[in-house]
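Coordinates in review
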Amino acid sequence: MDVQSKVGKELNLTEGVIAKVFELLDDGATIPFIARYRKELTKGLDEVQLIQIKERSHYWETFNTRKDSILKSIEEQGKLTDALKRKIESAQLLNELEDLYLPFKKKRQSKGQKAIENGLKPLAIYIQKSHRDSDIEDKAFGFVRGKVEDQKDALDGAVSILAEWISENLWIRDRLRQQFQKYSVAVAQVKRGKAKEAEKFKDYFDFSERIQRMASHRVLAVFRGEKEGLLNFKIEVDEDRAYGSIERGVYRNYATNSYVDKAIIEAYKRILQPNFESEIKKELKEKADLDSIEVFAENLKQLLLQSPLGAKNTLAIDPGFRTGCKVAALNKNGDFITHSTIFPHPPQNKIHEAEQTLLNLTKKHKVQAIAVGNGTAGIETERLCRKLFKNSDI
């Protein structure tokens, strides 16, 4: 996947501009530097757009790296078919990629894997195809050997194998993921015996809300309560609906019997529900963090924009040599009134005209303070102002 092309399409920017931003970032340029001093190369992109480019490029670079790693892993196992390779290469979401890799992923020793090692895979296949419980139970006696102590052990192991196969079904995972994302509910309760200690979380002692409606500050509060060991926090969906989705996926390829039903229940409770609950919690936390950062940034921006001198009519000067000094008059509320440009420094040296402009502006707008930027020509401009207004109250 061409990362530059992908990011350009996502953000509706030309590939030429994206390429320039990538080049500047690769050279070590910072976002503020690019936004301030490389506008001619980026067509005037601001900090927000540049941050989006950087974040999306990181996402897709990580995505490509993961995709290559998955392809290599499956190929090394000798299981990479042309059809599977096409599916992996056409995947556009990280979750989709991980779902495709799930059956080939090296896992911890699960109940199903242990059962396979104990020789119960043929029994699982038999359960998958047989409609009669009695036939399945009779068949199970033939697998009582080694670590499989009795018929129940054999049947439980085979059901665990089926549960893991069901949990890896892409159609089922896709339907359940959609259900969790659209309809799940965040539920929080105070832990037993923690009510007094958890007083600051009293709003969440018996809390329930659809995740799509849950404000970021409530999300973060519930996570804090859980982290401090004061709240129980879980994600719930309609279980009947969830089982219905699994059954529709299973009964296309499985026989109908009580052991397949048990496998469906185990697949949901042991694997699918915890998996999607963790996924939703992770997404909730990430979104809440980003929203909170935006609120904090806006509050900080307003704080930094407050006048350090209080309410005063102010003349603001952005100093410079060749391009002159940009002058702006602001009222005591910080509202822009008017602007001008003066050229008191080399190469123009229009000192008299500059002084006259400053005197006129300060008199007309009853200026009480002058702010001089500390960039190029800052010291020279400050000296000019101090000399010009040394006998005034400014």
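All of the points below concern the structure found in this document.

Each value, and the rule that gives it
Residues numbered from 1 in each chain as written. Predicted model: local features only at pLDDT ≥ 70, side-chain atom pairs only at ≥ 80, totals over all residues. Heavy atoms only, no water. Helix = DSSP H or I, 4+ residues; strand = E, 2+ residues; numbered from the N terminus. Contact = heavy atoms within 4.5 Å. Pairing = 2+ DSSP bridges. Buried < 20%, exposed > 50% of the residue type's maximum accessible area, 1.4 Å probe, protein only. Arc of directions from axis to C-beta.

Regarding the side chain of Asp99
- Structurally, Asp99 is set in helix α7 (residues 94-101).
- When sequence neighbours within four positions are dropped, the list of residues in contact with Asp99 reads Leu170, Arg173 and Arg177.

Here's the deal with the pairing of strand β1 (residues 185-190)
- As paired elements, β1 and strand β2 (residues 206-210) share five bridges and run antiparallel to each other. Its bridge partner lying in β2, Val185 is registered against Arg210.
- Across six bridges, β1 lies against strand β3 (residues 231-236) in antiparallel orientation. Bridge pairing in β3 links Val190 to Leu231.

A look at helix α17 (residues 378-388)
- Taken together, the buried positions of α17 are Gly378, Thr381, Leu384 and Cys385. Along the axis of α17, the buried positions cluster into a sector of 125°, meaning they face one direction only. Residues of α17 that are exposed and point over 90 degrees away from its buried face: Ile379, Arg383, Arg386 and Lys387.
- Summarising the contacts, the buried residues of α17 are in contact with β4 (314-318), β5 (325-330), α16 (351-364) and β7 (369-372).

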